[in-house]
Amino acid sequence: MNWRIAANGAALVVAISSVAYVAGESSVAAETQRFAINDAKSVLASIKVENEYKTGYKRSLFVHWSDLDGNGCDTREEVLKRDSISKPQVDTYRCYVIAGDWYSKYDGKTLTDRSDVDIDHVVALKEAWDSGAWAWSISHRQAFANDLTDRRTLIAVTDRVNASKSDKDPSNWMPPLKSNWCAYLGDWISVKARWGLSMDQSEFGRVENLLASDCSTLTIASWSTAPVSSISPVTTATTATTVTTTPSTTAPTTTQASSSSNAGTATTTANTTTTTANTPTTTTTTANTTTTTANTTLPSGAKDISPGSYCAPVDGLGTFKGTVYICSKTDAGGSPYAGGRARWRKATN
C-alpha cells in the first residue's frame, strides 16, 4: 500500500511538472494545445490498436543527435545539459558537457560520469517505426528522434539499464525501479498519443491492466503539437473558357424566275430577293489560371493523422493529404460519437 501511494504521488508530480515545462516551450510550436491534466485511461483509449509493421527498419532512417535549432549543440548535449540535477559544466566552444550529475529514474541511481549516461528515446526508434513511423517522411522521423519540445520523449538514464530495455515496449520491459512504473507509463502513453503512434494488442493490454491496478489514478499532462515539418501550400490549376460571338452577315441574293406560254401570251418575270440570316460564329478561348491556396488554417508542425481514428487531446489539430482535421468528440453536425470518444474529423471554418 505504501508503494502504491508513493507511485501515484510520483506520477502526479510528473504530470504537474510537465505542464510547467511544456508551457515554457510553447513558442517552439506555432499551434499549442490547451494545457490540462488528462486521465491516463482516456488518453490510452484514443490510441489505435493494430499489428506492428516489422519490415525495413534501420536506425539510420532516424537521423538523430542533430542540431535542429542551429545553436551549435546537438540533441545529446542538449539533454545532458537539461537533465543535469546540478549546474553542468559546458565547453561552450564545441557545446560539450564536461561534467554534471544525472538522476536515472529507471533505476534510481545518480550518475556523475557522462560516459555512464545514455539518452533514451522513451519510445525506442524501432518501436516507433513498427508503430507507424515507417510511413513518415525523413524530416518527420528526424523531428521525432531529436524532439526537445516535450521532455517526455528523451531522458537521461543509466546506460546499462537502457541497454536492457533496448526496443522493448511495456509488455516485455518495465523499469527496474518499480516506484517509477506509473510515471514511465505516463511518458510512454503521452509520446504514443502525441506522435500518432499505434500500440499492438499485447502492449495495449499490459498498459491497460496497469492502469486498472497499480496506476489507477495516473494523470497525464497535455502537450504542444509535435514539431514536424510544415506542409507546403496546395496549388490547383483551373481552366477558364471565354466564348465570343461574332455575327456573320451574308449579302442578299436575287433570283429571277421566268414563266412563258407557247400560246403567245405575255411573259411575266418575277424577281425574288433572298436574304440569308445572320449566323453567329463562336470562338472559344481557353486560359489557364493557377490558384494557390494558402495554408491559413493549417497549423505549422501539424501531425499527419488517420481520419476517423481515435485521438487526443480534444481540440488538437492534424492533417491528412493537406486537409486540416480536428480531434473532436462530435461530428461536424454536433452529434457526439459513440462512447464519448474523440475522433479525427475535418475541421470546419
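Please refer to the structure placed before this passage.
This write-up is about the structure you can find in this document. Here the structure is a predicted model, which is why all the values come from computation and not from measurement.

Rules used in this analysis
Residues numbered from 1 in each chain as written. Predicted model: local features only at pLDDT ≥ 70, side-chain atom pairs only at ≥ 80, totals over all residues. Heavy atoms only, no water. Helix = DSSP H or I, 4+ residues; strand = E, 2+ residues; numbered from the N terminus. Buried < 20%, exposed > 50% of the residue type's maximum accessible area, 1.4 Å probe, protein only. Contact = heavy atoms within 4.5 Å. Areas by Shrake-Rupley, 256 points an atom, 1.4 Å probe, with all protein chains shown as cover. Phe/Tyr/Trp six-rings, centres within 6.5 Å; stacked < 30°, edge-to-face > 60°. Expected span 1.5 Å × (residues − 1). Salt bridge = Lys/Arg side-chain N within 4 Å of Asp/Glu carboxyl O. Polar contact = N/O pair within 3.5 Å; in protein donor to acceptor, adjacent residues only side chain to side chain. Core = buried A, V, L, I, M, F, W, Y, C linked by side-chain atoms within 4.5 Å. Axes fitted to C-alpha atoms, helices over the stretch in contact; angles between N-to-C directions. Parallel < 35°, antiparallel > 145°, perpendicular 65-115°, else oblique. Left-handed = near helix turned anticlockwise from the far one by under 90°. Nonpolar A, V, L, I, M, F, W, Y, C, P; charged D, E, K, R; others polar.

Comments concerning the overall build of the chain
Scanning the chain from terminus to terminus reveals eight helices and 14 strands. For the chain, the proportion of its 349 residues judged to be buried stands at 39%. In the chain, the share of contacts with a sequence separation of at least 24, taken over all contacts with a separation of at least 6, comes to 67%. Per element, the accessible surface of the chain, about 18100 Å² overall, is 51% carbon and sulfur.

Comments concerning the packing of aromatic side chains
Across all of its chains, the model carries twelve aromatic pairs by this definition. An angle of 85° between the planes, with centres 5.5 Å apart, marks the rings of Y106 and Y184 as edge-to-face. With Y106 in the loop between β4 (102-104) and β5 (109-111) and Y184 in helix α7 (residues 181-194), this residue pair connects regions lying 78 residues apart in the sequence. Among the residues examined, Y184 registers a relative accessible area of 2% and is labelled buried. Residues Y184 and W188 carry aromatic rings whose centres are separated by 6.2 Å and whose planes lie at 40° to one another, so their mutual orientation is tilted. Here Y184 pairs with W188, and both are found in helix α7, just four residues apart, close to one helical turn. Across the pair, exposure class does not vary: Y184 and W188 are buried alike.

A few points about helix α8 (residues 201-212)
Taking 1.5 Å per residue, twelve residues should reach 16 Å; α8 reaches 16 Å between its end C-alpha atoms and fits that length. Along α8, the residues classified as buried are E203, F204, G205, V207, L210 and L211. On its buried face, α8 sits against α2 (40-45), α4 (125-130) and α7.

What about the pattern of salt bridges?
Scanning the entire structure with this criterion turns up 14 salt bridges. Here K54 makes a salt bridge to D130, at a shortest N to O gap of 3.9 Å. Of the two residues, K54 sits in the loop between α2 and α3 (75-83) while D130 sits in helix α4, which places them 76 residues apart along the sequence. Between K192 and E127 there is a salt bridge whose closest N-O contact spans 2.6 Å. Of this pair, K192 sits in helix α7 while E127 sits in helix α4, and the two are 65 residues apart along the sequence. By the burial criterion, K192 is buried, and E127 matches it. In the salt-bridge network here, residues are joined through shared partners; they are E52, K54, K126 and D130.

What to know about the side chain of K192
Of the residues examined, K192 reaches a relative accessible area of 0% and is grouped as buried. A distance of 3.1 Å separates the side chain of K192 from the side chain of E203, its partner in a polar contact. If near-sequence neighbours (up to four positions away) are discounted, K192 is found in contact with I47, V123, E127, S131, L197, S198, M199 and E203.

A short note on the side chain of S328
Relative to the helices and strands, S328 is located in strand β13 (residues 323-328). Leave out the neighbours within four places in its chain, and S328 touches C311, Y337, R341, A342, R343 and R345.

Comments concerning the nonpolar core
Ranked by internal contacts, the top residues of the largest apolar core, which has 43 residues, are F62, Y106, F144, I189, W195 and L211. Contributions of two or more residues to this core are made by α2, α4, α5 (138-145), β7 (154-158), α7 and α8. In terms of residue count, α7 provides more of this core than any other element does, eight residues in total. In this view, F62 contacts Y57, L125, A128, W129, A133, R141, F144 and A145; residues no more than four positions away in its chain are not counted. Core analysis: the next-biggest nonpolar cluster, separate from the first, contains nine residues, V79, V97, I119 and A156 among them.

Some thoughts on α3
Most of α3 is tucked away, with seven of its nine residues classed as buried. All buried positions along α3 are accounted for by T75, R76, E77, E78, V79, L80 and D83. Next to the buried residues of α3 lie β3 (96-99), β4, β6 (117-121) and β7.

Let's talk about the packing of α7 against α8
Here α7 crosses α8 at 135°, and the two axes come no closer than 11 Å. Viewed along their axes, α7 and α8 adopt a mutual orientation that is oblique. In the crossing of α7 with α8, the sense of the turn from one axis to the other is left-handed. For the pair α7 and α8, the contacting residues are W181, L185, W188, I189 and K192 in the first and E203, R206, V207, L210 and L211 in the second. In terms of residue class, the contact of α7 with α8 is made up of seven nonpolar, no polar and three charged.

None of this, on its own, says anything about what the molecule does.
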